[in-house]
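Spelled out from the first residue to the last, the chains are:
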Amino acid sequence: MSDSRETDGMDQIADTLAGRAAANREPLPKKERMRIDRGAMPEQNAMARARNFAEVNLGYTEQLAIIEADRCLQCPKPYCVDGCPVSVNIPNFIRLLGEGNIKGAADSLLGDNALPCVTGRVCPQETQCEQVCLRAKTGTPVAIGNLERYVADWAINHTEVFADTKAAPTGKKVAIVGSGPAGLSAAGALAKRGHKVTIFEAFHAAGGVLIYGIPEFRLPKDIVQKEVDRLVADGVEIEHNSIIGKTYTLPELREKFDAVFVAVGAGLPVFMNVPGENLKGVYSANEYLTRVNLMGAYNPDSDTPVLRGQRVAVVGGGNVAMDSVRTARRLGAAESVCVYRRSRAELPARAEEVHHAEQEGVRFDFLVAPTEVLGDEKGWVTGLKCVRMELGEPDASGRRRPVEIPGSEFVFPCDMVVVAIGTKSNPLLTSTSPDLRVNKWGYIEIDDNLQTSMPGVFAGGDIVRGAATVILAMGDGKKAAANIDAYLRGELPAPVAATAAESPDHAAH
Amino acid sequence: MHLIVAKAQLSPNVTRLVVEAPRIAEIRRPGQFVIVRRGPGGERIPLTIADVDKAAGTISLVIQAIGKSTHELTSLNVGEAIQDIAGPLGTPTHLLTSGHAVCVGGGVGTAVVYPIAQALAANGVKVTSIIGGRSKEWVIYEDELRAAGEVIVCTDDGSYGRPGFVTEALKEQCEAGGIDEVFAIGPVPMMRACSELTRPFAIKTTVSLNSIMIDGTGMCGGCRVSVGGKTEYACCDGPEFDGHQVDFRMLADRLNTYREFEQVALERWTEHHANAEAH
């Protein structure tokens, strides 16, 4: 994405716009569509935002949105829809938006996607819908994510214009374990079909990774709350502080409900397993981000403290690492460095996050692997001992394997280290469900209906996939809801084959 | 919301709140704890479940007022409510079914050791409790523990029971022999001293670790402790561990991570509280 909007052609476009009514606009000829450049997302000034937690992206204005909508070529065979894990009918909502029918665009979008305010902000569009956009072949793709966000934000602020589309009550009860993106998506879809949905959430607030993991500056918590409120208005009940595996077991839930969807996420932090990792000032990204986001530690009025490192090393290269390294800047770090053992090309984080991090003064140190955390006699972190790497042969993931360069050890002096190298499965639920089959990494095994080894119990999201993305979890939630609905009607087809989770990938969010 | 139905001041800084939490009262086992959050903006803090009343659907939380959050909790009154209580968390105590157990409680740790002593006694285990405090007014749960067996009270200043530390009384018990397990729960130096004391006697010694937690389900890793050279999570692998294997120095170090924040928060709260009362 370019920093400032290209203004070439803007005058002609403005003329074109002025010549047409705001609503019921005639479609623009393809040739004219091709002349419009991609509209940059307005964003908060980098130096200012590096010190605050307000949202970085400000969202399109109505004019920007309508111009961008006109860039869509309305392909008869839209590759973007195939590129979307929840199969949003992208050309349709963009067409309606371009016609000035934003209510219609919102109806279309919400029919496909339960949390569009969220996905419009956090989806890796550049590897999904926008990657396969026809316009990307000769230039820049349509800013699908930005348009999604524009329509979704309009909808969440105009809930009164949406009719209640709920089906008549079926009398069936469904339990959903976890209120992250998979659980919320499934809840919305099941409630719409008339089922009575209860979500069991371990924390005191709903949203899962959307509220404890992804920071305020990327996904404001009041947006997540509005999405949750919309579900509650649809009749979804949320039971907070309920840890399945402790407060209730999965077999107990199965007895009380007609079906269960397990979407607990991947849970446990992975540490580097190097000496000094238990020193004060070493955080898992989970702990660091939970303190700051869920517990609001960035706000001085919060009772939950968080260390404010001056020189911070964040280990890892995924979105969680980007969230951590940018959070450290905002909490006052003079130097906030992302330490990654591969090179820039292998960074699993969203391109926009890397770009934003660099704008905010985050430094990247590539091809570096930590070997030890150093500390003082009082147990506080004083540095991160590292070794330089070079890329060797490709490994199982297809990425070139980093190999240590002998004699390249060095120390990065720092007072805080955040470990963001992935997560692993939490056994709390699975260990108390003897009939639930898991693979060797502890992830739940499912068939292609997303049903587990326990009949009527379905699973999706990171507890099946290993650490993945919000949108893949939402795709699972949507698919699970359709299958649970079929199961409750006695129409679930026999599974074709069982699918086991692949080796855990560490590109979370 | 969890209504507070009873409140008692047990010592100068230890308060018992009896709160409604029917599901937790129904299923909790000795050794387990809850995570409590007073309300919006509040911290999540782990608290042991000292006792339950299944019929009434209540649990007893015994809280030592040391920081802002614990002061706020202990200043709540009957009729008020705690917004969030999550649990029961942690691995329940592995309970002996016969033999002799010595339960050592220091300060607020006495309330943590109490449900264990109670359950051991119910199993037919002979229970000797050794509890201590600075002086008489700091001794808690004495009468409750007497229902489980013999109680030896120690006070630092000799104002009640025998003078001296709980370790001295524990040493005599170890020398007398016949002990199958020691449970030592209290401040870190006390648990370390008890574990060092029982080591030469080769008596299994279980301690309960109160490390810093957020979620209590293994998600944050903040509660990590080193046990036998291995990193374990107090929230789900514990909170009880083999005292002979615990790295107490690391535990004590990590427990003071936020000391500065805590002092500032408490000073602000105390000032605000004093102002509020003056008006």
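This structure is a prediction, so every number in the text was calculated from the model and none was measured.

Caption draft 1: Structural view of the overall build of chain B. Along the backbone of chain B there are eight helices and 16 strands. Taking 2.2 N^0.38 as the reference for a compact globule, 279 residues should give roughly 19 Å; the C-alpha atoms of chain B span a radius of gyration of 18 Å, in line with that estimate. Overall, the C-alpha framework of chain B stretches about 60 × 40 × 40 Å when taken along its three principal axes. Relative to its 279 residues, chain B shows a buried fraction of 56%. Across chain B, every contact between residues at least 6 apart in sequence was considered, and the portion connecting residues at least 24 apart equals 65%. Here chain B displays about 11,400 Å² of accessible surface, and carbon together with sulfur accounts for 51% of that area.

Caption draft 2: Layout of the pattern of salt bridges. Scanning all chains against the criterion turns up 45 salt bridges over all chains. Each of Glu43, Arg49, Arg218, Asp323, Arg326, Arg330, Arg350, Glu352, Glu353 and Glu360 of chain A takes part in salt bridges that share partners, so that together they form one network.

Caption draft 3: Geometry of the packing of helix 9 (residues 144-156) of chain A against helix 12 (residues 221-233) of chain A. Residues and elements named next belong to chain A. Contact geometry of helix 9 with helix 12 gives a least axis separation of 11 Å together with a crossing angle of 60 degrees. The orientation of helix 9 with respect to helix 12, classified from their angle, is oblique. Our pair here, helix 9 against helix 12, has a crossing hand that is left-handed. Of the residues in helix 12, those touching helix 9 at Asp153, Ala155 and Ile156 are Ile223, Lys226, Glu227 and Arg230.

Caption draft 4: Structural view of the confidence of the model for chain B. On average, chain B scores 94 in pLDDT, and the residues at 70 or more come to 99%. Scored as a complex, the prediction yields pTM 0.90 and ipTM 0.93.

Caption draft 5: Just the packing of helix 10 (residues 181-192) of chain A against helix 19 (residues 470-488) of chain A, in detail. All names here are of chain A. Remark: helix 10 packs on helix 19, axes separated minimally by 7 Å, with the N-to-C direction vectors making an angle of 35 degrees. For the crossing formed where helix 10 meets helix 19, the hand is right-handed. Facing Pro181, Ala182, Ser185, Ala186, Ala189 and Leu190 of helix 10, the residues of helix 19 in contact are Val470, Ala473, Met474, Gly477, Lys478, Ala481, Ile484 and Asp485. Looking at side-chain class alone, the contact of helix 10 with helix 19 contains ten nonpolar, two polar and two charged residues.

Caption draft 6: Geometry of the sheet that holds strand 7 (residues 311-315) of chain A. Residue and element names in this part refer to chain A. Judged by pairing direction, the sheet is parallel, and its five strands sit side by side in the order 6-14-7-8-9 without closing on themselves. Of all strands in the sheet, those with a lone pairing partner are strand 6 (282-284) and strand 9 (363-366), marking the two edges. Pairs of neighbouring strands in the sheet enclose a mean axial angle of 20 degrees, with direction left out of account. Of the pairings in the sheet, the one linking strand 7 to strand 8 (residues 335-340) comprises five bridges and is parallel in character. Within strand 8, the position partnered with Val312 by the bridge is Ser336.

Caption draft 7: Layout of the interface of chain A and chain B. Counting residues at the interface gives 39 residues for chain A and 41 residues for chain B. When chain A packs against chain B, close to 3,300 Å² is buried across both sides, 52% of that on carbon and sulfur atoms. Applying the counting rule to chain A against chain B returns four salt bridges. With its nearest N and O atoms 2.9 Å apart, the salt bridge here joins Arg23 of chain B to Glu252 of chain A. Only strand 5 (268-269), strand 6 and helix 14 (285-294) of chain A provide two or more residues apiece to the side of chain A that touches chain B. Looking at the side of chain A that touches chain B, the element that brings in the most residues is helix 14 of chain A, giving four residues. Here the side of chain A that touches chain B is composed, by residue class, of 18 nonpolar, twelve polar and nine charged.

Caption draft 8: The arrangement of the side chain of Ser108 of chain A in detail. Along the chain, Ser108 of chain A turns up in helix 7 (residues 102-112). In contact with Ser108 of chain A, not counting residues within four places along its chain, are Asn89, Asn92, Phe93 and Leu96 of chain A.

Caption draft 9: Region of the structure containing the environment of Phe53 of chain A. Residues and elements named next belong to chain A. Within the secondary structure, Phe53 sits in the loop between helix 3 (46-49) and helix 4 (62-69). By relative accessible area, Phe53 is classed as buried at 10%. Linking Phe53 and Ile94, residues 41 residues apart in sequence, is a C-alpha distance of 31 Å. Excluding residues within four positions of it along the chain, Phe53 makes contact with Glu216, Phe217, Val292, Tyr298, Thr327, Arg330 and Leu331.

Conventions adopted
- Residues numbered from 1 in each chain as written.
- Chains lettered and ligands numbered in written order.
- Predicted model: local features only at pLDDT ≥ 70, side-chain atom pairs only at ≥ 80, totals over all residues.
- Heavy atoms only, no water.
- Helix = DSSP H or I, 4+ residues; strand = E, 2+ residues; numbered from the N terminus.
- Rg over C-alpha atoms; globule rule 2.2 N^0.38 Å.
- Buried < 20%, exposed > 50% of the residue type's maximum accessible area, 1.4 Å probe, protein only.
- Contact = heavy atoms within 4.5 Å.
- Areas by Shrake-Rupley, 256 points an atom, 1.4 Å probe, with all protein chains shown as cover.
- Salt bridge = Lys/Arg side-chain N within 4 Å of Asp/Glu carboxyl O.
- Axes fitted to C-alpha atoms, helices over the stretch in contact; angles between N-to-C directions.
- Parallel < 35°, antiparallel > 145°, perpendicular 65-115°, else oblique.
- Left-handed = near helix turned anticlockwise from the far one by under 90°.
- pLDDT = per-residue confidence, 0-100.
- Nonpolar A, V, L, I, M, F, W, Y, C, P; charged D, E, K, R; others polar.
- Pairing = 2+ DSSP bridges.
- Buried area = accessible area lost by both parts, 1.4 Å probe.

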